[in-house]
Amino acid sequence: MACRQLLLLSSLLLVASLMGAKPTSRAAPHIIHILVDDFGWNEVGYHQPSDVSADEIEVQTPNIDALKEEGLELDRMYVHKICSPSRSSVQTGRDPIHVNVQNVHPEVTNSDDPVGGFQGIPLNMSTMAEVLSDTGLYETSFVGKWDVGMATDMHAPYSRGYEKFFGYFHHSNDYWNFNEQKCSLKAVKDLWLHNETFSGPAVHLENGAHCGQDNQSPDGERCVYEEELLMGSVKQQLQDYAAGDQEKSLFMFWSTHLVHMPLQVPDSFLEKFSDVDDSYRRSMRAMSNYLDTEIGEVVDTLKETGLWEDTVLVFHADNGGEIMTQSCGGNNYPLRGGKFSNFEGGIRVNAIVSGGYLPEDRRGKVEGRLFTSADWLSTYASLAGVDTDNLSDAKAVASNLPDYDSVNQWPIISGEAEADVVAREEVIIGDTTSVEFNGDGDTLVGGLIRGRWKLLLGAKNKLYRISQDVVTSVNYPSHPIIVPEAIFRTCSRKLKNACLFDIYADPAETTSVAEENEDIFNEMLARIDELQETVYSPDRGKKDKRACEAAKGEYGGWWGPFM
């Protein structure tokens, strides 16, 4: 066994050298994946307009800006337009159309489909944590928002390759009391802990009855902001790992609650932005600043513990900022649209690769080639020495489920690939027939990106209309009041109503160029039709009463697996 491990280490060191990575004494680098929630394009300092003076800029994200300066910015990173599908894609290495495009609640089930009749990731699909665990080189941990399945223990992170889990199952919860939805008119809390000695609701972390956004210091009561708990877990796990034997490398997936609604944040951060007149914008600026602060603390912890030099750190959002109404607080300026929309503001997101393992000559650069949420699985597998050219998910294929779509992007990230080499040729944009934001429907291919060209296609049952056809102001929300969700553009199969954009020349998707480029339009439309034949579209089902029965009974007012 020792000889085999030595051979593997020697091979990986050679591969790292050939790929331009910084050599490490470890068999594989540590991987820290930070997935931030609903974080708009314009919520980082480095995306502020150059024509705005420094004293007019409200956004304060110095730590994320520094991460970008010492890392590699991915300028064309694409995800799905909604939370759960993006997360399903990241975890499984599939395009959303091949895993999940529905943002249903985790309580849904469909007894007629024991594999896919649930929220999120179908059973028998492997995740990135399972792929890394199977190499024998990694210990794994998940912190934060899961949002890809809760019905059974097999849907939970601790059965999906993650040895540790501290977080919540739903789309969101209250930052102070952890409430999310109700059973029999009574609020149910969502926060779960799983480790070597315990698995169940994190009842011991429950805040006092009077703790909330409007009362953050109730007399004699515990009152801790949820994001502080999540970040604290990340830091403690990093410190504990660094103090241990470190036989295996660390893969940690940190999925922040911030900056998803509700708009809640400690008062001390709100006070920093007291000069921002709009209350929604003030809350979002404060939440973004809190996110930035905790990113800085975790990076500092990585450096203080000596882990940074052997770490690949990836940071990106799950979708664009939420701008449906002013009360959402998001901002994706100068991109069009936001969360729930397939315009650029909904699916093109802030993304950075950093860490000491990133080759020095790639730091401070901007990478303009295409990346998607599906690509991290193969990219990480390659760092663990897996032959990604022949990577296949055997248990998924055996269950007639789609195989991996993931592309190994490490040669692009590391700079090994020449500037004209493209790892990913196209981005497949997912959509649904569902008319409810968190409803179920049929899986659709809603568009395609190839190089400079982007074609959008609205759902037929929605009259081919795509919502949020608006570019907000640099300091949105602001007056005059607008409701972006109610502003539509028709993107149909007919040339005169087509939505073909040259997103190099027109990143705000202002003007369709379909009539001037009819051949490109027809070619991309034919490709969409071809891809539509490959979609995975199970009936996810309806809310199962057993979820509330378990919450009210076994778990004492907390959510958890119920089958």
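What you see is a predicted model, and the numbers here were worked out from it, not measured in a lab. (Residues numbered from 1 in each chain as written. Predicted model: local features only at pLDDT ≥ 70, side-chain atom pairs only at ≥ 80, totals over all residues. Heavy atoms only, no water.)

If you tally the helices and strands in the chain, you get 13 helices and 23 strands. At 23 Å, the chain has a C-alpha radius of gyration in line with the 24 Å of a compact globule built from 563 residues. When the backbone C-alpha atoms are referred to their principal axes, the chain occupies close to 65 × 60 × 60 Å. Taken over 563 residues, the chain has a buried fraction of 61%. When contacts within the chain are restricted to residue pairs at least 6 apart in sequence, those whose partners lie at least 24 apart make up 73%. Just so you have it, the chain exposes about 21,200 Å², and 50% of that area is on carbon and sulfur atoms. A distance of 4 Å separates the average location of the 48 positive side-chain charges in the chain from that of its 86 negative side-chain charges. (Helix = DSSP H or I, 4+ residues; strand = E, 2+ residues; numbered from the N terminus. Rg over C-alpha atoms; globule rule 2.2 N^0.38 Å. Buried < 20%, exposed > 50% of the residue type's maximum accessible area, 1.4 Å probe, protein only. Contact = heavy atoms within 4.5 Å. Areas by Shrake-Rupley, 256 points an atom, 1.4 Å probe, with all protein chains shown as cover. Lys, Arg positive; Asp, Glu negative; His and termini not counted. Charge placed at Lys NZ, Arg CZ, Asp CG, Glu CD.)

If you walk across this open sheet you meet the 10 strands as β10-β9-β6-β5-β11-β1-β12-β14-β2-β15, and the pairing is mixed. One side of each edge strand has no neighbouring strand; the edge strands of this open sheet are β10 (199–201) and β15 (365–367). Strand-to-strand, the axes of this sheet are offset by a mean angle of 10°, without reference to chain direction. Taken together, the 3 bridges between strand β2 (residues 72–74) and β15 define a ladder with parallel strand orientation. Looking at β15, one finds that L74 is bridged to E367. Sitting on the sheet, helix α7 (residues 279–304) is in contact with β1 (30–36), β11 (249–255) and β12 (311–317), with an inclination near 170° to β12. (Pairing = 2+ DSSP bridges. Axes fitted to C-alpha atoms, helices over the stretch in contact; angles between N-to-C directions.)

Ordered in space as β17-β18-β19-β22, the 4 strands form an open sheet in which the pairing is antiparallel. Looking at strand neighbours, the two that pair on one side only are β17 (427–432) and β22 (499–502), the edges of this open sheet. Pairs of neighbouring strands in the sheet enclose a mean axial angle of 20°, with direction left out of account. Looking at chain direction, strand β19 (residues 453–456) and β22 are connected through 4 bridges and run antiparallel. Residue L455 lies in a different strand from β22, and its bridge partner there is L500.

Our next topic: the side chain of D393. Its place among the elements puts D393 in the loop between α9 (376–383) and α10 (394–398). Owing to a relative accessible area of 2%, D393 belongs among the buried residues under this scheme. Discounting chain neighbours no more than four positions away, the residues touching D393 are R94, N124, M125, S126, D403 and Y404.

This part is about the UniProt feature "domain: Sulfatase N-terminal" (unreviewed entry) in the chain. Taking the numbering used here, the UniProt-annotated feature "domain: Sulfatase N-terminal" (unreviewed entry) corresponds to residues 29–386. Between the first and last C-alpha atoms of residues 29–386 the distance is 13 Å; the span itself is 24% helix and 19% strand. (UniProt positions renumbered as here; feature names shortened; annotations may be inferred.)

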